[in-house]
Amino acid sequence: EVDVPEDHPRYQSLLTRHRIEAGVEKGITSTQGLIAEGRGEAFDYLLGEETIPSADRAARAAAAHFLLAEHPVISVNGNVAALVPGEVVELAEATDADIEVNLFGRTEERVRAIAAHLREYGASEVKGLTADARIPGLSHERAKVDRDGIYDADVVLVPLEDGDRAEALGEMGKTEVVIDLNPLSRSARVATVPIIDNILRALPNVARHARDLSGSPRETLTEIVEGFDREGALDAAERRLREGATRESE
Ligand code: PTJ
């Protein structure tokens, strides 16, 4: 898809940037998304660009939540669609979840473009176009959701989410799984399960855990969910970032 030499030390990050750029060109990613990508890269650099053990435990807890859920929904924005469209479809299939486009900077055009993009990657149904319900407490455009999608969901995966919306969804009583590289971000702080990891690694990892856990008795899944330590996961990620900063300055 792009001419980046695989032995380049920053291969993964260059590939990611290219996907985001292509997303902007295709009309699925916002220009704000470029800024979000830069911020994410800085955190990933300090994390060591790897899934830390606490993030893997979070991914497993997220998978258990999805398998226990009555109506799980994966929320997709312009960055998620550009970076991991195939993985979104895979996770939806592994957990019988809905996919809904939900944008911070909503335009009907971009919602449609993202839905079409996801269908190219095999999604059978993509929600977010009906927009016949509202998340209470948010301004008009940002509050729009589908009544039979996010509005009705008991468990939502909101990757790279803005803090206000993460908070408002939490107030609706939903179980929120957040994927965000910044453990200090408000969305990570309010999440039931914060996965502090790059979405490129986190999403396939949640899907892998879901496949691994599928068929497990509900008691096993409940034990995983209840045994997850969200404060511990946030602290571990923050420690890792601080160590990364120290490492780099030595
Ligand atoms: O497509 P839209 O209109 O819905 O807009 C999407 C963005 C992401 C632009 C919008 O939600 C936004 O502005 O988000 P923020 O406030 O920039 O927050 C994005 C968060 O995602 C930041 O905390 C970043 O560190 C984090 N992030 C960026 N890239 C990644 C990431 N986390 C995980 N994996 C990444 N690849």
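As the structure is a prediction and not an experimental result, all values here were calculated from the model. (Residues numbered from 1 in each chain as written. Predicted model: local features only at pLDDT ≥ 70, side-chain atom pairs only at ≥ 80, totals over all residues.)

Now for the overall build of the protein. A tally of helices and strands in the protein yields twelve helices and seven strands. What you see for the protein is a C-alpha radius of gyration of 17 Å, in line with the 18 Å of a compact globule of 250 residues. Seen along its three principal axes, the alpha-carbon backbone of the protein occupies a region of about 55 × 45 × 35 Å. Taken over 250 residues, the protein has a buried fraction of 46%. Taking as baseline every contact in the protein between residues at least 6 positions apart, the subset at least 24 positions apart corresponds to 66%. (Helix = DSSP H or I, 4+ residues; strand = E, 2+ residues; numbered from the N terminus. Rg over C-alpha atoms; globule rule 2.2 N^0.38 Å. Buried ≥ 20, exposed ≤ 12 C-beta atoms within 10 Å, placed from the backbone. Contact = placed C-beta atoms within 7 Å.)

Take the nonpolar core next. Side chains of a nonpolar character, in soluble globular proteins, are inclined to be buried together. Membership of the largest hydrophobic core comes to 67 residues, with the highest contact counts inside it found for Ala-62, Val-88, Leu-91, Leu-118 and Ile-195. Considering each element in turn, this core owes the most residues, nine residues, to helix α3 (residues 53-68). If we skip the residues at most four places from it in the chain, Ala-62 touches Val-177, Val-193, Ile-195 and Val-206. (Core = buried A, V, L, I, M, F, W, Y, C linked by C-beta atoms within 7 Å.)

Among the five residues in strand β6 (residues 175-179), five count as buried, and that is most of the element. Both faces of β6 are covered, namely the face carrying Thr-175, Val-177 and Ile-179 and the face carrying Glu-176 and Val-178. Strand direction decides the pairing type here: strand β5 (residues 155-159) and β6, joined by five bridges, are parallel. Residue pairing for β6: Leu-157 is matched across the bridge by Val-177. (Pairing = 2+ DSSP bridges.)

Turning next to the confidence of the model for the protein. Averaged over all residues, the pLDDT of the protein is 94; the fraction at 70 or higher stands at 98%. The complex prediction reports pTM at 0.95, with the ipTM value standing at 0.98. (pLDDT = per-residue confidence, 0-100.)

The strand order across the open sheet formed by five strands is β2-β1-β5-β6-β7, and the pairing between neighbours is parallel. Strands with a single pairing partner mark the edges of an open sheet, and in this sheet they are β2 (98-101) and β7 (193-195). When strand polarity is set aside, the average angle formed by the axes of neighbouring strands in this sheet is 20 degrees. One ladder, built from three bridges, connects β6 with β7; its direction is parallel. Note on β7: the bridge partner recorded for Val-177 is Val-193. Across the sheet, α3 touches β1 (72-76), β5, β6 and β7, and the angle it forms with β7 is around 135 degrees. Those strands touched by helix α8 (residues 163-171) are β5 and β6, and its axis lies near 160 degrees from that of β6. (Axes fitted to C-alpha atoms, helices over the stretch in contact; angles between N-to-C directions.)

Looking now at the environment of His-18. By the secondary structure assignment, His-18 is in helix α1 (residues 11-25). Using a count of 15 C-beta atoms within 10 Å as the deciding quantity, one classes His-18 as partly exposed. Here the alpha-carbon distance between His-18 and Asn-77, two residues 59 residues apart in the chain, equals 17 Å.

Turning our attention to helix α5 (residues 85-95). Counting buried positions over the eleven residues of α5 gives nine, a clear majority of the element. Where α5 is concerned, the buried positions are Pro-85, Glu-87, Val-88, Val-89, Glu-90, Leu-91, Ala-92, Ala-94 and Thr-95. Lining the buried residues of α5 we find α3, β1, α4 (78-83), β2, α6 (108-120) and α10 (199-213). Positioned one or two residues after α5, Asp-96 has a phi angle of 55 degrees, which is positive.

Bringing the site of the ligand into the picture now. In the region of the ligand, 25 residues are neighbours, and Ala-36, Gly-40, Asn-77, Gly-78 and Phe-104 sit closest. If you list the elements that add at least two residues to the shell around the ligand, you get α2 (31-47), α4 and α10. The leading source of residues in the shell around the ligand is α2, at seven residues. (Near = placed C-beta within 6 Å.)

Per the UniProt record, "binding site: ATP" (unreviewed entry) is found at Arg-17, Arg-39, Asp-180, Leu-181, Asn-182, Arg-186, Ser-187, Asn-198 and Ile-199. Taken together, the annotated residues stretch across 183 residues and extend over separate regions, lying up to 24.4 Å apart by C-alpha. Owing to 26 C-beta atoms within 10 Å, Leu-181 belongs among the buried residues under this scheme. Contact partners of Leu-181, with chain neighbours within four places excluded, come to Gly-40, Phe-43, Asp-44, Leu-47, Ile-196, Asp-197 and Asn-198. (UniProt positions renumbered as here; feature names shortened; annotations may be inferred.)

Further remarks concern unusual backbone geometry. At Asp-96, a residue that is not glycine, the phi angle is positive and equals roughly 55 degrees. Tracing the sequence through the fold places Asp-96 in the loop between α5 and β2. With 13 C-beta atoms packed within 10 Å, Asp-96 lands in the partly exposed category. Phi at Leu-160 takes a positive value of approximately 50 degrees, unusual for a residue other than glycine. By secondary structure assignment, the location of Leu-160 is in the loop between β5 and α8.

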